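Chain by chain, the residues run as shown.
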Amino acid sequence: MPLIDTARLTEELLAAPPTTSATVTASATAPATAPGAVTTSATRAASRSATATATADDFRPGAAPPLPGDPVHALRRRTAQRHWAPEPLDGDVLVQALGYAFEQDERLWRPAFPTLPAPSATVLVQRLLGVPDGCHRYAPGARRLEPEPHVVLPPLADLVLQLEFGDAPALVVVHGDLATAAERHGAGGHRLLLARGAALAHATWLAALSLGAAGSVFAGVLGAAGRTHLGIDGSGRAQLIGLALGSPHRVRSAPAPADRTGER
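The structure displayed is predicted, hence computed values, not measured ones.

The rules behind each value
- Residues numbered from 1 in each chain as written.
- Predicted model: local features only at pLDDT ≥ 70, side-chain atom pairs only at ≥ 80, totals over all residues.
- Heavy atoms only, no water.
- Helix = DSSP H or I, 4+ residues; strand = E, 2+ residues; numbered from the N terminus.
- Pairing = 2+ DSSP bridges.
- Axes fitted to C-alpha atoms, helices over the stretch in contact; angles between N-to-C directions.
- Contact = heavy atoms within 4.5 Å.
- Salt bridge = Lys/Arg side-chain N within 4 Å of Asp/Glu carboxyl O.
- Buried < 20%, exposed > 50% of the residue type's maximum accessible area, 1.4 Å probe, protein only.
- Core = buried A, V, L, I, M, F, W, Y, C linked by side-chain atoms within 4.5 Å.
- Parallel < 35°, antiparallel > 145°, perpendicular 65-115°, else oblique.
- Left-handed = near helix turned anticlockwise from the far one by under 90°.
- Nonpolar A, V, L, I, M, F, W, Y, C, P; charged D, E, K, R; others polar.
- Polar contact = N/O pair within 3.5 Å; in protein donor to acceptor, adjacent residues only side chain to side chain.
- pLDDT = per-residue confidence, 0-100.
- Expected span 1.5 Å × (residues − 1).
- Bend = angle between axes of the 7 residues up to and from the residue.

## Some points on unusual backbone geometry
Here the phi dihedral of R143 falls at roughly 55 degrees; this positive angle occurs in a residue that is not glycine. Relative to the helices and strands, R143 is located in the loop between β4 (134–139) and β5 (144–147).

This is how it looks when you write it as structure tokens:
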């Protein structure tokens, strides 16, 4: 099977002519007019109504919110990063990215699965501007990180299997109420909760990329460490997925090799 060239597909998507929902909706709802026919006042009114409805509808339940930052920039930079610049990540970037992800979850998932428990996010911080190191929980209603003072964290490298993720300025651990999901949806509740948690993590990642950060979605913290330090019991508080975020690591260009005389 041939490999898919994702870079080429992304560039083709970005180069495609724009299509607006207003144009599509107006074309779909306006009455058809035969060639040469006279446009009546009723036809013009229906057309104006369809256009007005399409352009004024900025917020619709079930519609994804606009991506913060530059979506084209995010698509072109969409790659999993596992190495981090030494400087801290801007805390506002993380909060804004989480805000976008939870708003998208609210619009897309709650109407479709109203009885499925919503996922939560715990953020482990070690280099985040404006946010003290330690454990925090994201409060979607207040759109902010709230400290968990009773949680004493070891070095983040002790919480993950791959040490490069333990060097990230911030780790987002997405978890959910698996017991309630299974009670309400049967065995399929586990699958639904995993899918919803993964969608939340990927939305956070894409929003962070659009704001200039770097990151990677990964399996999350180790089971024993999560149980000991974060109270992740696998039932009422089950880990779904993890996300590491930081500033992009700048790769220095290699110096020109010396020739046989020692001159460059």
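Moving on from the coordinates now.
## Regarding the sheet that holds β5
Spatially, the six strands line up as an open sheet ordered β5-β4-β2-β6-β8-β7, and their pairing is antiparallel. At either margin of the open sheet sits one strand with a lone partner, and together these are β5 and β7 (214–218). For this sheet the average axis-to-axis angle between neighbouring strands, irrespective of direction, equals 30 degrees. Strands β2 (120–125), β4, β5, β6 (170–176) and β8 (238–246) of the sheet are contacted by helix α5 (residues 91–112), whose axis makes an angle of about 165 degrees with β2.

## Notes on the pattern of salt bridges
Pairing between side chains becomes possible if they bear opposite charge and their charged atoms approach one another. For the structure on display, the rule yields eight salt bridges. Ionic pairing is found between D167 and R127, a salt bridge with its closest N-O pair at 3.8 Å. Residue D167 is located in the loop between α6 (163–166) and β6, and its partner R127 is located in the loop between β2 and β3 (128–129); the two are separated by 40 residues in the primary sequence. Residue classification places D167 among the partly exposed residues on the basis of a relative accessible area of 40%. Close ionic contact of E146 with R137 constitutes a salt bridge, the shortest N to O distance being 2.8 Å. We classify R137 as partly exposed; its relative accessible area is 37%.

## A closer look at the nonpolar core
L94, L98, V123, L128, L145, V172 and V174 are the most contacted members of the largest nonpolar core, which has 39 residues in total. Elements that contribute at least two residues to this core include exactly α5, β2, β6, α7 (178–185), α8 (188–210) and β8. Looking at which element gives the most residues to this core, the answer is α8, with nine residues. Apart from the residues within four sequence positions on either side, L94 is in contact with V123, L128, L145, A170, V172 and L245. Counting residues in each nonpolar core, the second largest holds 17 residues, with W84, L124, V160 and I232 among its members.

## Considerations on the environment of F102
Within the secondary structure, F102 sits in helix α5. A residue is classified by how much of its surface remains accessible, and F102, at 10% relative accessible area, is buried. Considering only alpha carbons, one finds F102 and G141, 39 residues apart in sequence, at a separation of 9.4 Å. Not counting residues within four places of it along the chain, the set of residues in contact with F102 comprises P119, S120, A121, Y138, P140 and L200.

## Considering the packing of α5 against α8
At a minimum axis separation of 8 Å, α5 and α8 run at an interaxial angle of 140 degrees. Viewed along their axes, α5 and α8 adopt a mutual orientation that is oblique. Between α5 and α8 the crossing geometry is right-handed. Contacts between α5 and α8 pair V93, A97, L98, Y100, A101, F102, Q104, D105, W109 and R110 from the former with L192, A195, R196, A199, L200, A203, T204, A207 and A208 from the latter. Each residue belonging to the contact of α5 with α8 can be placed in one class, and the counts come to 14 nonpolar, two polar and three charged.

## A look at the side chain of H136
By the secondary structure assignment, H136 is in strand β4. A distance of 2.8 Å separates a polar side-chain atom of H136 from the backbone oxygen of P132. For H136, the residues in contact, after removing those within four places along its chain, are A121, T122, V123, V125, V131, L145, E146, P147 and E148.

## Observations regarding the confidence of the model for the chain
In the predicted model, the chain carries a mean pLDDT of 80, and 71% of its residues have values of at least 70. This stretch, residues 19–57, has a pLDDT under 50; its non-local contacts, to residues over four places away or in other chains, come to 10 contacts.

## A short note on α5
Counting along an α-helix, one turn takes 3.6 residues, and residues three or four places apart therefore face a common direction. Across its 22 residues, α5 extends 32 Å between first and last C-alpha, which sits within 8% of the 32 Å expected from 1.5 Å per residue. For α5, the principal kink sits at E106 and spans about 30 degrees. By the N-cap criterion, in which a side-chain oxygen at the helix start approaches the backbone nitrogen of a residue two or three places on, α5 is capped by D90, the distance to D92 being 2.9 Å.

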